[in-house]
Amino acid sequence: MKTYFVVSFRKAIPVFILLFAIGASAQTKRPLTPRDFDGWHNIQNQSLSNDGKFLAYGIFPQDGDGEVVVRNLQTGAEWKQPAGARPLPTNANPDAEDAPPPIPNVTISFTADSHFVIFSVFPAKADTDKAKRDKKRPDEMPKNGMVIVDLTSGTPTRIDRVKNFQVPEKANGVIAYLREPEPARSGAGRGAAAAEGANPSASGASGGATGSAAGRGTRKEYGSDLVLRNLTTQAERTFPDALAYTLTKDGTALAYAVASHKEDTNGLFLVTVGTDAAPRGLLSGPGKYTRLTWDTDQTKLAFLSDRDDAKSKQPKTKLYLWDRHTDAPVELASSASHGYHDNFIISDKGAMTFSHDGKHIFFGVALPDPPEVDPANELLADDKVNADLWHYKDEHIQPMQKVRATQDRNRTYRAVYHISEKQLVQLGDVTMPEVTPTEDGMWALGADGREYGPIEEYDTAYNDYFLVNTNNGERRKLLTKQPQNPQWSPDGKHLLYFADKNWMCISASDGKTTNLTGKLNVKFWREDNDVPGAAGPYGSAGWTRDGKYALVYDKYDVWQMSPDGEATNLTAGAGRSAHLEFRYVRIGSDVRDPEARWIDPSQPLLLRATDDETFDTGFYRARIGSSAAPQKLLFGAKSYSAPLKAKDADVLVLTASTFEEFPDLLITNSNFSKLQKVTNANPQQAQVNWGTAELIHYRNDDGVPLKGTLYKPENFDPKKKYPMIVYIYEK
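Residues numbered from 1 in each chain as written. Predicted model: local features only at pLDDT ≥ 70, side-chain atom pairs only at ≥ 80, totals over all residues. Heavy atoms only, no water.

## A short note on the overall build of the protein chain
A tally of regular secondary structure across the protein chain gives five helices and 49 strands. Counting contacts in the protein chain only where the partners sit at least 6 residues apart, residues at least 24 apart contribute 50% of the total. Carbon and sulfur atoms provide 49% of the accessible area of the protein chain, an area that totals close to 36800 Å². (Helix = DSSP H or I, 4+ residues; strand = E, 2+ residues; numbered from the N terminus. Contact = heavy atoms within 4.5 Å. Areas by Shrake-Rupley, 256 points an atom, 1.4 Å probe, with all protein chains shown as cover.)

## A look at the confidence of the model for the protein chain
One rule of thumb: low pLDDT means the predicted coordinates there are not for detailed reading. Overall, the prediction assigns the protein chain a mean pLDDT of 89, with 90% of residues at 70 or greater. Here residues 1-15 is modelled with pLDDT under 50, and outside its nearest four sequence neighbours on either side it reaches 50 contacts, counting other chains as well. Long-range and interchain partners of residues 188-217, a stretch whose pLDDT sits below 50, account for 77 contacts in this model, where long-range means more than four residues apart. (pLDDT = per-residue confidence, 0-100.)

## Here's the deal with the side chain of Gln560
Along the chain, Gln560 turns up in strand β36 (residues 558-561). A residue is classified by how much of its surface remains accessible, and Gln560, at 4% relative accessible area, is buried. For Gln560, the side chain forms a polar contact with the main-chain nitrogen of Gly625, separated by 2.7 Å. Beyond its immediate chain neighbours, meaning those up to four positions away, Gln560 contacts Tyr549, Ala550, Leu551, Glu566, Ala567, Thr568, Leu570, Ile624 and Gly625. (Buried < 20%, exposed > 50% of the residue type's maximum accessible area, 1.4 Å probe, protein only. Polar contact = N/O pair within 3.5 Å; in protein donor to acceptor, adjacent residues only side chain to side chain.)

## Let's talk about the pairing of strand β35 (residues 550-553)
Side-chain alternation along β35 places Ala550 and Val552 on one buried face and Leu551 and Tyr553 on a second face that is also buried. Bridge analysis of strand β34 (residues 540-543) against β35 gives three bridges, and the strand direction is antiparallel. From the neighbouring strand, Trp543 faces β35, where its bridge partner is Ala550. Remark: six residues form the turn of the hairpin made by β34 and β35, two consecutive strands paired antiparallel; Gly547 in that turn has positive phi of roughly 75°. Pairing analysis gives four bridges linking β35 to β36, with the strands arranged antiparallel. Its bridge partner being in β36, Tyr553 is matched across the sheet by Val558. In textbook terms, the turn of a hairpin is the stretch between consecutive antiparallel strands, and for β35 and β36 this stretch comprises four residues. (Pairing = 2+ DSSP bridges.)

## Side note on the packing of aromatic side chains
Under the counting rule described, the total for this entry stands at 18 aromatic pairs. Between Tyr452 and Tyr462 the ring centres are 6.0 Å apart and the planes differ by 65°, which places this aromatic pair in the edge-to-face class. Separated by 10 residues along the polypeptide, Tyr452 in the loop between β27 (443-448) and β28 (463-469) and Tyr462 in the loop between β27 and β28 bring together distant segments of the chain. Their ring planes at 10° and their centres at 4.7 Å tell us that Phe619 and Phe672 sit as a pair that is stacked. Linking Phe619 in strand β40 (residues 617-622) with Phe672 in the loop between β45 (665-668) and β46 (676-677), this pair joins segments that are 53 residues apart in sequence. Each member of the pair Phe619 and Phe672 is classed as buried. Feature note: the residues Trp40, Phe659, Trp690 and Tyr711 constitute an aromatic cluster, connected by ring pairs. The cationic tip of Lys501 hangs over the ring face of Trp525; the distance from NZ or CZ to the ring centre is 4.0 Å. (Phe/Tyr/Trp six-rings, centres within 6.5 Å; stacked < 30°, edge-to-face > 60°. Lys NZ or Arg CZ within 6 Å of the ring centre and 35° of its normal.)

## Thoughts on the sheet that holds β34
Spatially, β34-β35-β36-β37 is the arrangement adopted by the four strands of the open sheet, whose pairing is antiparallel. Edge positions in the sheet fall to β34 and β37 (567-569), since each of these pairs with one other strand and no more. The average angle at which neighbouring strand axes cross in this sheet is 20°, direction not considered. (Axes fitted to C-alpha atoms, helices over the stretch in contact; angles between N-to-C directions.)

## Some points on unusual backbone geometry
Positive phi values are uncommon outside glycine, yet Gln234 reaches one of about 65°. As for its position among the elements, Gln234 is in the loop between β12 (224-230) and β13 (236-247). Here Asp241, not a glycine, exhibits a phi torsion of approximately 65°, which is positive. Relative to the helices and strands, Asp241 resides in strand β13.

## Structural notes on a negative patch on the surface
Taken together, Glu527, Asp528, Asp530 and Glu730 make up a surface patch of like negative charges. Residue position: Glu527 is located in the loop between β33 (513-515) and β34. (Patch = residues over 30% accessible without salt bridge, like charges linked within 9 Å, V, L, I, M, F, W, Y side chains within 5 Å. Salt bridge = Lys/Arg side-chain N within 4 Å of Asp/Glu carboxyl O. Lys, Arg positive; Asp, Glu negative; His and termini not counted. Charge placed at Lys NZ, Arg CZ, Asp CG, Glu CD.)

## Considerations on the pairing of β40
The buried fraction of β40 amounts to five of the six residues, a majority that puts the element mostly inside the structure. Summarising the sheet, strand β39 (residues 605-611) and β40 pair through six bridges and their orientation is antiparallel. Within the sheet, the bridge partner assigned to Leu606 lies in β40 and is Arg621. Where β40 lies against strand β41 (residues 631-636), five bridges are found, and the strand directions are antiparallel. Along β41, the bridge assignment pairs Thr617 with Gly636.

## Regarding the sheet that holds strand β6 (residues 108-110)
Reading across the sheet, the four strands line up as β6-β7-β8-β9 and stay open at both edges, with antiparallel pairing between neighbours. The strands lining the two open edges of the sheet, one partner per strand, are β6 and β9 (156-159). Within the sheet, the average angular offset between the axes of one strand and its neighbour, ignoring direction, is 15°. The pairing of strand β8 (residues 145-150) with β9 spans four bridges and is classified as antiparallel. Across the sheet, Val149 pairs through a bridge with Pro156, a residue of β9.

## Looking at the pattern of salt bridges
Side chains that carry opposite charge are capable of pairing whenever their charged atoms lie near each other. A complete count under the given rule lists 24 salt bridges for this structure. Among the salt bridges present, the one from Asp129 reaches Lys125, with a minimum N-O distance of 2.8 Å. Within this pair, Asp129 and its partner Lys125 are both found in helix α2 (residues 125-133), separated by four residues, close to a single helical turn. In this structure Asp129 comes out as partly exposed when scored by relative accessible area, which is 24%. Residue Lys125 is classed as partly exposed on the basis of its relative accessible area of 29%. A salt bridge links Lys130 to Asp134; the nearest nitrogen and oxygen atoms lie 2.8 Å apart. On the basis of relative accessible area, Lys130 is assigned to the partly exposed category, the value being 49%. Salt bridges here are not isolated pairs; linked through shared partners, they connect Arg307, Asp308, Lys318 and Glu331.

If you want it as structure tokens, here you go:
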């Protein structure tokens, strides 16, 4: 008897329809066991050097220790370093509505000259398990480390107890890293453990590493040793009690904030890299120094400090700005400044950013915490009554309110400081909690979803959107009950959004709305939507860097839209005629580049194509402004991942996989002319009875054509009966 099972199949996502062999005879391969599952490897965080000559990646089993591999792509030589076991994610709020945090990965960074690679490593599983059995305190547990590999010789240097590190984007021969605090002496009880909220994995970001903002019930955070290392000479300088730091892109300056048990030594300090000069104090005194933030050109550094009110029970924070051409920072705003809404003050819990031109600083404000209760007047525990109160007009049901309680307590609202005008303007508040500014900082998009909170539980999330003038805070309503988030153009002149099954564009200057797709003879909404509610769009690739065009998708093709409604099918209808879904692929390797989120109109577009009948994939090339058919580069019966490109070389790394083929790493060029396999993560797969996958076409009871996948054991015998697992899911 031949048994088939069919389920719906969307895109290239596999469904699980498994037939199991029982008591198969004459097997040449052994069956899978739970031990195989634990030992199965995944490849993580592959990274290419700028010159494209080196590849580094982490390879970890499901359970146990992994390693980081550095490969010379020209010679094939490999250097491997133990990387410990990936820890389970720590969820600070297990009741949160969001998905659980991801399992931490190693961080890998090459220096700009491709002479060194630096990566984080985890403690060995055996060491962590032993410490748990010994009931070690959190500050006594094994900590992450860091490895530096000289790519000329392959020589590794391993450094233990490293919290995070920074590698300058455009400089060579220097890095900075922050050590974990030393364990407190038994009975010391001085809070010398790692700062709360610190990322358990090392960070290579260049924007500054900081601990979490203090709030009610948060104990004081103290710093640890900050180390500046010369990679060539291996000479190091150590600066004690650093809590936050930032190394400039050009590697010439290191700014850091001190949080010491001796509070009089706290402050913000500057080190001139490459000299032996003592750190220069920019601002000092008791208190916190947080949110160290550079502008795009890194000529200005903004930060927050409560040093002038540090002795208060609830110190008030001020905003400061330091220009690298001046000796000392200047105070920009305090709680006494004009421009706040009633009772609001500066909060160190909110993010801080500059506009692209460095003329405007966006930061967080909030209502002050309630005054602390005098212990002498505090109720005894036996006299306290805890109750959950809910009203039917509440924005959210009670369980959701409990889930969001911490988030709501720490919520901040966006304000802006205009540097030249010396003017503070509060933009957001409880009536408009979300504010997204333009690149130039002159306009912002505000969102208010309070009216639609009660229906979110059974419908979807909606917002009313407002155009906000950042010079005076004035608001003009643009959209009502809008489910999709509008997208600013890079020049801040237009907003792209999806409504009523069409892509729309709003001009910020006059509020004029243009329907970009209404007159086109294709549909831009998901025609196979099978859930309650309005169908969403097929998606958008975003704006070109010059703000002239937005790229949007129909089911198959990519369209270039100008804000006035002029449309060009960039894939010339080739997707629809061949049933290929074309989607734009970003291949830039440096996430620190602020321009990377925009599409460069001067460069060819790399498009990933998926055949919606066979689910074969591949890559095509198209160009902005051209309506010629896209050029096929690679296509086959595999699932190809989006590639990652070396910054200064025509070298790409990607994966290709099928049910039978693990997604090992492949090296190629921008023409995909040759794919070179450079990893073999799971050679043990050849020893086990794996299986095959078969695509099935069928019709349901309503006559709708659907697809499914049947997975069979490698030694499947069509004359035998097998038990079967069935997995069905909606589109």
